[in-house]
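Examination of the molecular architecture
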Amino acid sequence: MGAFALFVCTASFSQSIEDKAYVDVSAYARAKVVPDRAEIEITLKESDNKGRYSMDELEKRLAVALNEAGVDAEKQLSLYRQYVSTDKKRRIYQYKTFKLVVYNAEEAQIVMDALTAQELSNTRILRTWCEDYKQISDSLKVAAVKNAASDAKVLAGSLNQSIGSALRISYYASRYSGGAVRNTVMLAAKAEASEDAATVALPKVEFDEIEIEESVNIRFELLPAEK
């Protein structure tokens with residue numbers, strides 16, 4: 001988890017209806033994390049090979065590819081949908097779409113290579129995420145609240161005053177960026193030519209970091225200066 005960042009965007013002193021002085025403070029905490037889950041969509045189409053392989057044969061090829069990639073198909077693979085369609089010559093073709101969960105970019109690369117070797121190239125990475133996102137988010141909420149309290153103390157202390165209990169806490173929905181479902185999910189390093197001009201270093205699958213941010217606004221009671 002990355003370092004927490006503190007940012008104070010508002011600080012105001014006022015007198016409430018109940019004649020209580022208060023200080024409002026906004027603060028956030030954020031962290032960058034590497035996704036530990038990704039979902040690969042694999043579609044088997046009899047029409048892709050013009051009937052050379054039946055659906056049974058395509059599924060056997062899929063099983064071989066996943067076995068060679070070291071994937072626990074029973075745990076990581078699920079059938080998403082299946083259907084049939086006809087072409088202009090009224091030939092019937094089957095279609096099946098599977099979703100495969102992998103645990104890191106290296107495993108995703110191994111799977112993609114194994115599928116390609118089995119002539120199963122109708123695949124794409126749909127999304128990436130963190131399995132413990134909720135835990136990370138909760139820890140950032142706590143950090144943001146502590147940052148707000150710390151800064152409120154500094155502001156009050158500059159007036160030789162102190163803060164009391166929190167009178168109100170406003171929480172803003174989590175913000176996160178990175179790990180988007182687009183081509184940049186598979187951030188490929190640019191292919192660089194080696195000493196042999198005919199040899200090129202092929203791009204590899206990498207997962208973009210996800211930045212998570214939690215923000216709060218807290219109103220603390222402002223206690224009088226000690227005499």
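Above this text is the structure in question.
Report on the accompanying structure. (Residues numbered from 1 in each chain as written. Predicted model: local features only at pLDDT ≥ 70, side-chain atom pairs only at ≥ 80, totals over all residues. Heavy atoms only, no water.)

Brief notes about the pairing of strand E4 (residues 77-86)
Where E4 and strand E5 (residues 92-102) come together, nine bridges link them in antiparallel fashion. Residue pairing across strands places Ser85 opposite Tyr93, the latter belonging to E5. The antiparallel pairing of E4 with E5 creates a hairpin that spans five residues between the two strands, and Arg90 there sits at a positive phi of about 65°. (Pairing = 2+ DSSP bridges. Helix = DSSP H or I, 4+ residues; strand = E, 2+ residues; numbered from the N terminus.)

Focus: the pattern of salt bridges
As enumerated under the stated definition, the model contains 14 salt bridges in all. Among the salt bridges present, the one from Glu119 reaches Arg61, with a minimum N-O distance of 3.6 Å. Separated by 58 residues along the polypeptide, Glu119 in the loop between helix H3 (105-117) and strand E6 (123-129) and Arg61 in helix H1 (residues 55-68) bring together distant segments of the chain. A network of salt bridges, in which partner residues are shared, links Arg30, Arg175, Glu211 and Glu213. (Salt bridge = Lys/Arg side-chain N within 4 Å of Asp/Glu carboxyl O.)

So, the packing of aromatic side chains
Within the structure shown, the criterion is met by one aromatic pair. A centroid spacing of 4.8 Å and a plane angle of 5° characterise the contact between Tyr83 and Tyr95, whose relative ring orientation is stacked. You can see Tyr83 sitting in strand E4 and its partner Tyr95 sitting in strand E5, a full twelve residues away along the chain. Assessed through its relative accessible area of 39%, Tyr83 is described here as partly exposed. (Phe/Tyr/Trp six-rings, centres within 6.5 Å; stacked < 30°, edge-to-face > 60°. Buried < 20%, exposed > 50% of the residue type's maximum accessible area, 1.4 Å probe, protein only.)

Focus: unusual backbone geometry
One non-glycine residue, Glu119, lies in the positive phi region at around 60°. Within the chain, Asn160 stands out as a residue other than glycine whose phi angle is a positive 60°. Mapped onto the elements, Asn160 comes out in the loop between helix H4 (133-157) and strand E7 (162-177). For Asn160, a relative accessible area of 53% puts it in the exposed group.

Digging into the environment of Val101
Mapped onto the fold, Val101 is located in strand E5. It is 5.6 Å that separates the C-alpha atoms of Val101 and Ala38, two residues lying 63 residues apart in sequence. Contact partners of Val101, with chain neighbours within four places excluded, come to Arg37, Ala38, Gln76 and Trp129. (Contact = heavy atoms within 4.5 Å.)

Focus on H4
Between its first and last C-alpha, H4 extends 36 Å over 25 residues, near the 36 Å set by a 1.5 Å rise per residue. Burial in H4 covers these residues: Ile136, Ser137, Leu140, Ala143, Ala144, Asn147, Ala148, Ala149, Asp151, Ala152 and Ala156. (Expected span 1.5 Å × (residues − 1).)

A short note on the nonpolar core
In terms of nonpolar packing, the biggest core is built from 25 residues, with Ile40, Ile42, Leu44, Leu62, Leu100 and Val111 touching the most fellow members. Those elements giving two or more residues to this core turn out to be strand E3 (37-45), H1, E5 and H3. The residues touching Leu62, leaving out its near neighbours within four places in the chain, are Ile42, Leu44, Leu77, Phe98, Leu115 and Leu120. Residues Ala29, Ile136, Ala152 and Ile212 belong to the second largest nonpolar core, which totals 23 residues. (Core = buried A, V, L, I, M, F, W, Y, C linked by side-chain atoms within 4.5 Å.)

Focus: the sheet that holds E3
The strand order across the open sheet built from four strands is E4-E5-E3-E6, with neighbouring strands paired in antiparallel fashion. Whereas interior strands pair on both sides, the edge strands pair on one side only; in this sheet they are E4 and E6. Within the sheet, the average angular offset between the axes of one strand and its neighbour, ignoring direction, is 15°. In this structure, E3 lies alongside E6, joined through six bridges in antiparallel fashion. Residue pairing for E6: Ile42 is matched across the bridge by Thr123. (Axes fitted to C-alpha atoms, helices over the stretch in contact; angles between N-to-C directions.)

Considering H3
Spanning 13 residues, H3 covers 18 Å between terminal C-alpha atoms, matching the ideal 18 Å at 1.5 Å per step. Turning to H3, its buried residues are Ala105, Glu107, Ala108, Gln109, Val111, Met112, Ala114 and Leu115. On its buried face, H3 is in contact with E3, H1, helix H2 (73-76), E5 and E6. The distance from a side-chain oxygen at the start of H3 to the backbone nitrogen of Glu106 is 3.2 Å, and the residue carrying that oxygen is Asn104. Phi for Glu119, located one or two positions after H3, is positive at around 60°. (Polar contact = N/O pair within 3.5 Å; in protein donor to acceptor, adjacent residues only side chain to side chain.)

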